[in-house]
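# Summary of structural features
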Amino acid sequence: MADAISALASPILKLAGEKLASLIQDEILTLAGFEKDVKTLQDKFMDIQKVIEVAEKSPRRSEVTDLLEELKDATYDAENVLDMLSTEMLIWNEMRQVNTCPPVAPDWIFRLKNRSTVHDIHEIMQRFDSIKQRFLSIKDLLSHVREDSVGKEKEKEGPAGSSPVMDPGVVGRVEEKSEIIKMLKSSGNSVEGRVSVTTITGMGGIGKTVLAQQVYNDSELAGHFDVKRWISVSDSEGTINMSRIFDEIIDACAKDYIPVGSLESKLQHSVEGLKLLLVLDDVWTENLEDWKKLEKGLLKAHNGTRVIVTGRTENVFGLSPQNVPIPHISLGKLPHEDCLKLFARNAINGDESDLVNKGVKAIADGIVSKCDGLPLAVEVIGCLLRNKALDTWSDILNNDLAKVEEEYRDEKHRTLFVLRLSYFHLPPELKHCFSFCSIFPKGHEFDKDELVKLWMAHSLVQPSKLAETLEDKGRRCFDRLQELSFFQQQPESEKYRMHDYLHNLAELVSGKYSCIVKGENPSPIDPKTHHIALMCEKVEGASKSINKCKKLRTILMPMSRNSLTDFGETLGKMFQTLKYLRVLDLSSSSVVELPKTLAELKLLCFLNLSRTKIKWLPNELCSLLNLQTLKLLDCPWLLGLPKGLSRLINLRHLEIEEAFWKYRCPRQPPNIGRLTSLHNLHKFCVGEAKKGFGIEELKDMKCLEGSLHIMELNKAERAAEANLKDKPRVRVLELEWAAETEREIARLKGKTPDEYDAEVLEDLEPHSSLTKLRVHRYCGKRTPSWLSRGKLQLLKTLILEGCHNLETLMLGRQENLEVICIKNMQKLREFSAQLECPVLHTLKIINCPDLIQLPRSIPELQILKVKKCNSLKVIPPLIYSGTLVLVDNPVLEGFPGNYSVDFRDFGAYIWRCMITNCPKIHGLPAKYYNSCSASINRKLEIGECESIDFDPLEPLTQLAIDTCRSDTLLEAMNIISEYKFRITSDSVVSLHYLQSLSISNISDLISFPTSWEVQITSLYISACKDLEDLFDSEQSCKGSLPRLVNLCIRDCPKLSKFPEEGLPPKLELLVVQSCISLESLGPPDTLKDLTSLADVCIVDCPKLQSFPAQGFPSSLQHLRIRDSPLLTEKVSKNEKGRGPDWPKIMNIPYLEIDEVHPSPAPVFASCSRSLACFKGH
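Residues numbered from 1 in each chain as written. Predicted model: local features only at pLDDT ≥ 70, side-chain atom pairs only at ≥ 80, totals over all residues. Heavy atoms only, no water.

### Topic: the overall build of the chain
Of regular secondary structure, the chain possesses 34 helices and 42 strands. By the burial criterion, 53% of the 1177 residues in the chain qualify as buried. Across the chain, every contact between residues at least 6 apart in sequence was considered, and the portion connecting residues at least 24 apart equals 59%. Roughly 51700 Å² of accessible area belongs to the chain as shown, and the carbon and sulfur atoms make up 49% of that amount. (Helix = DSSP H or I, 4+ residues; strand = E, 2+ residues; numbered from the N terminus. Buried < 20%, exposed > 50% of the residue type's maximum accessible area, 1.4 Å probe, protein only. Contact = heavy atoms within 4.5 Å. Areas by Shrake-Rupley, 256 points an atom, 1.4 Å probe, with all protein chains shown as cover.)

So, in structure tokens, the structure goes:
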């Protein structure tokens, strides 16, 4: 694997060379006399690069590998020197800008200050010269070895076009095989002028070639094709020779006569009229032109010709399923059961039962699990264990499988040897990104954006020539690695994992440069280590070894922990010693303050202080001019940010939760506009421009993305300079003015407040990519032109709140607007005559007392909420399906007179209707519930509507009635009971869909009526002050409520006892709360007979004296008793032991009782939901 390791030498040189080129362009190098030294170093880089290109293409000999390793060390050291010089130049330029440079000969002083850098550059050049000479001394040897190896490789090649040998031990992939064979035999997937092709892709060792072999040799295809040919496409360099492919197909067709001409014409002649099956195995190219050449050569073949292509990327041959509509088989991990069969065949030449008989099934399960669904690894490890003793099996289970393979087999038989090819074909940039991942432990779940930030901190992601950010480029690199199966996305998650074998490859490639520290006293760390992951609770034991790693670049803590990592007193010394650190992760540590030696970390680009108790960030932090990412998530004690934060001119990510800006940081640090690379600034509070808080600070912050909240816009003097139109990545914008009472008249400059606000809002036109806009306390009388003319074509959500002077809402045509929320608009009278929002599905209007008119037509509206609109009398028929909420609208009646329908004809398929305190509404919309389909959940909530007419009322699933008289409830229930059945021409259809009934604040309700049968499963009774009996005596509740599962009663002060005849038989949940007169739960067997009862909650029932005499059924899992002292006393400890009722509850698994906690009690969802129902419908 030495070639894989040394392959990193040239990209390191390339990266350092690019840094040199950018440094030379800075004028301070010339002024300070550094230009000559740096240019000479650049020449050395170019010279040695040519030698490396020869060395890296040659088979490895020990002397070559040693020199390449030495070159890498020298290049890394050169990179450190160049980064330090670049940083000093950055600091010096900043000092010159703010006039803090020494007044005399500043550039001479710069050279004097950095004279050690000159010495370091000269030392690097000497090392490069020495390495170059030693390479040149073996140049002839390299050429000889290369020529010799080419001859040997040719000798090893098998006969062209030989059919693959079928492995009798193949298992699994039955569905995939069947699907491919079906496609090969089908005549329906051929397109005129196209050759039918199927791709099989997946990571190395996943079984692509094996599956293709199974298909190729399957008996179902015998005689189906005139010609079959298996072609191994890629050689060891991963190149593709199209001429060889053409020759093999021509040879397979075996035509007697082949005319003279181009290779393409020869191929067309050879295949004419023949039905071919071609397998192109192990294709690496992604060039669609190569495939088009082959396809053109095959066009004269029979239209039943089929081609199978295997490769490691979905875009093999440029045939990405996203771009080309072809059959694509993407192979994932082999299921554990199939892996176990494969393992058994290779290890003991048997099956799973033989593993059981030999007593090794458990060990085999463990070994197979470690292979993580990779068939090649299962097969290799199985072969290694054949004829091995049981002790060997146990040893392999407890060791790293890659190391086991290395110990037992030659390199070319290892699983890593196969996976190495994937690495070999990566471009240099991706090789670096992949090898860095070795610092994370196996099984780590990668966050894409977090990993990209770490790559950026180490300059592994270079600026793109395209119009994209470094982050975009990094995400593109990650996506490319995922396409090549280096990462696999976790199911139903945004996290990614790397297969253990690929992690082994990353460790091998990274070599001595990465180390994971485990335990308090770890083994010594190689001084040349660059990256350390700390997986220990105390760092002091490892600090001596860490401090010896003078070239260390990364300290990472990749594992989430419950306990905090303790650094003790080590941080200060570490910062003094490790001056080349780029990444410092102190998250979840015991750090409460940072030492002043933090300023020594001049190259630091990534600092994570999340989940610490840090209170203040020292001013020294602001001297870290290279810092790109500062993470301060979940730091509850952090009280603010340093005033000098604007010095961090390279800061790209400032990660703090929104609560910090809202409660602990009243405004951003001054001069924030200097952070022109910053991506996230959740809040910007406008203030005095002279103090660095003017809105013009936003002008050059073009990289801002996500959400931006601009506050106190009443202080904005030159709003247009915020340049919001030039911020395409800001998708959520909040514009907020102070309350009118807090405004300063002096700022108005002779204008009225509404004129001033209108001008400001007009100048704050956002980019057309905005998706959500919230405007709060705007005092203008007109809608800004950019909104009224429909310029925000991607806008999905519009929220206007507290805009008191706006009378008419003009929106223009909004093609993508989905949600409009209008709140606290005191003078709003109407919308524009025609609201052109073709996809608008939600309209909420709250507290608009002057509103008299709504839009007449919104074709896709699904949710309409109108609340506290004191002047609104009519609502057009806007909703076709969805939710209607009408609350506190005193004059609302129904439809306008010029409509030919009344309120009952309002809609068609409304599944939820809530009408509360709308006294002039007399009837329900008849068509709300006109479908008898039980699959739609329909809910009706009525409150404070004494005169409402329930007839006709179509089938419901949920009904909630609040604040009305009992006759209103009775009317509704009688109508529901009358609609029990409907006779149609074909059958009798049941209309008993009501499942849940909630009643609250029903005056004069003495008992719940049982005179009619309903099939409800949930009954909630709340705040019925006159309720004396739970059920009336006309009919037993067991008959009238036969399906009741949930019964919840709350705040019924006159309820004194439960019914004598007992409770509904299928009850599972019983909740009784704040029933202050309740003395008895009924006869002795009330609860004992409820064989399905699982959950009982009794809260605040001070007169309830005891549990039923026969106790609870064995089905009860959870009992909760709170604020019911007489009950608690019956089970609590006393001088004589437990109370008399303790035997009744002692066997219940989960108890929650005041002062009694014999067993842990989980949160029971049923009880929680029921209690929540009492808070509102």
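Moving on, there is more to tell.
### Observations regarding helix α28 (residues 753–763)
Buried within α28 we find Asp754, Tyr756, Asp757, Ala758, Val760 and Leu761. Of the surrounding secondary structure, the elements contacted by the buried residues of α28 are β18 (730–736) and α29 (785–788).

### Some remarks on the pattern of salt bridges
Under the defined criterion, the tally for this structure stands at 51 salt bridges. With a closest N to O distance of 3.9 Å, Glu248 and Arg229 form a salt bridge. One end of the pair, Glu248, is in helix α11 (residues 242–253); the other, Arg229, is in strand β2 (residues 227–232), with 19 residues separating them in the sequence. The residues Glu248 and Arg229 share a single accessibility class, namely buried. The salt bridge involving Glu471 is made with Arg652; its shortest N-O contact spans 2.8 Å. Of this pair, Glu471 sits in helix α23 (residues 470–483) while Arg652 sits in the loop between β14 (629–631) and β15 (653–655); the two residues are 181 residues apart in sequence, bridging distant segments of the chain. (Salt bridge = Lys/Arg side-chain N within 4 Å of Asp/Glu carboxyl O.)

### Things to note about helix α14 (residues 336–347)
Since the α-helix packs 3.6 residues into each turn, any two residues three or four apart lie on the same face. Counted at 1.5 Å a residue, the expected span for α14 with its 12 residues is 16 Å, and the 16 Å between its end C-alpha atoms agrees. Of the residues trailing α14, Asn349 is marked for its positive phi of about 55°. (Expected span 1.5 Å × (residues − 1).)

### Focus on unusual backbone geometry
Phi is positive for Asp634, close to 55°, though the residue is something other than glycine. Its place among the elements puts Asp634 in the loop between β14 and β15. In this model, Asp1123 sits at a positive phi of 55°, which is unusual for a non-glycine residue. One can find Asp1123 in the loop between β39 (1118–1122) and α32 (1125–1131).

### Let's talk about the environment of Arg718
The topology assignment puts Arg718 in the loop between β17 (706–711) and β18. Arg718 sits 22 residues away from Glu696 along the chain, and the two C-alpha atoms are 6.9 Å apart.

### Considering the packing of α11 against helix α13 (residues 288–297)
In helix packing, the relevant descriptors are the interaxial angle and the interaxial distance, both defined with respect to the helix axes. Remark: α11 packs on α13, axes separated minimally by 11 Å, with the N-to-C direction vectors making an angle of 25°. Accordingly, the angle class assigned to the pair α11 and α13 is roughly parallel. In the crossing of α11 with α13, the sense of the turn from one axis to the other is right-handed. Listed contacts from α13 to Met242, Ile245, Phe246 and Ile249 of α11 are Asp290, Lys293 and Leu294. (Axes fitted to C-alpha atoms, helices over the stretch in contact; angles between N-to-C directions. Parallel < 35°, antiparallel > 145°, perpendicular 65-115°, else oblique. Left-handed = near helix turned anticlockwise from the far one by under 90°.)

### Observations concerning the environment of Leu800
Mapped onto the secondary structure, Leu800 falls in strand β20 (residues 797–801). Looking at Leu800, the relative accessible area reads 5%, which means it is buried. Measuring from C-alpha to C-alpha, the distance between Leu800 and Met825 comes to 8.0 Å, with 25 residues separating the pair along the chain. The residues touching Leu800, leaving out its near neighbours within four places in the chain, are Val775, Leu806, Leu809, Cys821, Ile822, Lys823 and Met825.

### Some points on the pairing of strand β4 (residues 306–311)
Buried residues dominate β4, accounting for 6 of its 6 residues. Burial along β4 is two-sided: Arg306, Ile308 and Thr310 and Val307, Val309 and Gly311, pointing in opposite directions, are all buried. Here strand β1 (residues 196–201) pairs with β4 via 6 bridges, running parallel. Looking across to β4, one finds that Val197 is bridged to Val307. For strand β3 (residues 276–283) and β4, the ladder comprises 5 bridges, and the chain directions are parallel. Bridged to Leu280 within β4 is Val309. A crossover links β3 with its parallel partner β4, the connecting element being α13, and its sense is right-handed. (Pairing = 2+ DSSP bridges. Right-handed = clockwise from strand over helix to strand, strands pointing away.)

### Thoughts on the state of the cysteines
Counted according to the given criterion, the structure contains 0 disulfides. Looking at Cys371, it has no disulfide partner, and the nearest cysteine sulfur is the one in Cys339, 7.3 Å off. Since its relative accessible area comes to 1%, Cys371 is described here as buried. Looking at the unpaired Cys1075, the closest cysteine sulfur is the one in Cys1052, lying at 5.1 Å. (Disulfide = S-S within 2.5 Å.)

### Comments concerning a positive patch on the surface
On the surface, Lys544, Lys548, Lys550 and Lys573 cluster together into a patch of positive charge. The class of Lys544 is exposed, set by a relative accessible area of 67%. (Patch = residues over 30% accessible without salt bridge, like charges linked within 9 Å, V, L, I, M, F, W, Y side chains within 5 Å. Lys, Arg positive; Asp, Glu negative; His and termini not counted. Charge placed at Lys NZ, Arg CZ, Asp CG, Glu CD.)

### Brief notes about the sheet that holds β2
Here we have 5 strands laid out as an open sheet, ordered β2-β3-β4-β1-β5, and parallel in their pairing. Two strands lie at the open edges of the sheet, namely β2 and β5 (328–330), each paired on one side alone. Within this sheet the neighbouring strands show an average axis-to-axis angle of 10°, counted without direction. Against the sheet, helix α10 (residues 208–216) touches β1, β2, β3 and β4, its axis set at about 165° to β2.

### Remarks on the side chain of Gln628
By secondary structure assignment, the location of Gln628 is in the loop between β13 (606–608) and β14. Judged by its relative accessible area of 14%, Gln628 falls in the buried class. Apart from the residues lying within four places of it in its own chain, the contact partners of Gln628 are Met456, Ala457, Cys605, Asn650, Leu651, Arg652 and His653.

### Things to note about the sheet that holds β15
Pairing is parallel in the open sheet, where 7 strands are placed in the order β9-β10-β11-β12-β13-β14-β15. The sheet is open, and its two edges are formed by β9 (514–518) and β15, each paired on a single side. Strand-to-strand twist in this sheet, taken as the mean axis angle between neighbours without regard to direction, amounts to 10°. Pairing geometry for β13 and β14, over 3 bridges, is parallel. In the sheet register, Leu607 faces β14, and the bridge partner there is Leu630.

### Looking at the environment of Asn824
Turning to its location among the elements, Asn824 is positioned in the loop between β22 (819–823) and β23 (830–831). You can call Asn824 partly exposed: its relative accessible area is 22%. Between the C-alpha atom of Asn824 and that of Cys803, which follows or precedes it by 21 residues, the distance is 7.2 Å. Residues in contact with Asn824, not counting those within four places in the same chain, are Glu801, Gly802, Cys803, His804, Ile846 and Asn847.

### Section: the packing of α14 against helix α17 (residues 375–385)
Between α14 and α17, whose axes approach to 7 Å, the crossing angle comes to 30°. The angle between α14 and α17 falls in the class roughly parallel. As for how α14 packs across α17, the hand of that crossing is right-handed. Taking contact as the criterion, the partners of Cys339, Leu342, Phe343, Asn346 and Ala347 in α14 are, on α17, Pro375, Val378, Glu379, Ile381, Gly382, Cys383 and Leu385. In terms of residue class, the contact of α14 with α17 is made up of 9 nonpolar, 2 polar and 1 charged. (Nonpolar A, V, L, I, M, F, W, Y, C, P; charged D, E, K, R; others polar.)

### So, the packing of aromatic side chains
One pass over the structure, following the stated rule, counts 15 aromatic pairs. With centroids separated by 6.4 Å and ring planes inclined at 80°, the aromatic side chains of Phe436 and Phe440 adopt a geometry described as edge-to-face. Pair check on accessibility: Phe436 and Phe440 agree, each one buried. With a centroid separation of 5.3 Å and an interplanar angle of 65°, the aromatic rings of Phe1107 and Phe1112 are classed as edge-to-face. Cluster of aromatic residues (ring-pair linked, three or more members): Phe436, Phe440, Phe446, Trp455, Phe478, Phe487 and Tyr496. (Phe/Tyr/Trp six-rings, centres within 6.5 Å; stacked < 30°, edge-to-face > 60°.)

### Thoughts on the pairing of β1
Where burial is concerned, most of β1 is hidden: 6 out of the 6 residues are buried. Burial of β1 is two-sided: the residues Ser196, Thr198 and Ile200 facing one way and the residues Val197, Thr199 and Thr201 facing the other way are all buried. Taken together, the 3 bridges between β1 and β5 define a ladder with parallel strand orientation. The partner of Ile200 across the bridge, within β5, is Ile329.

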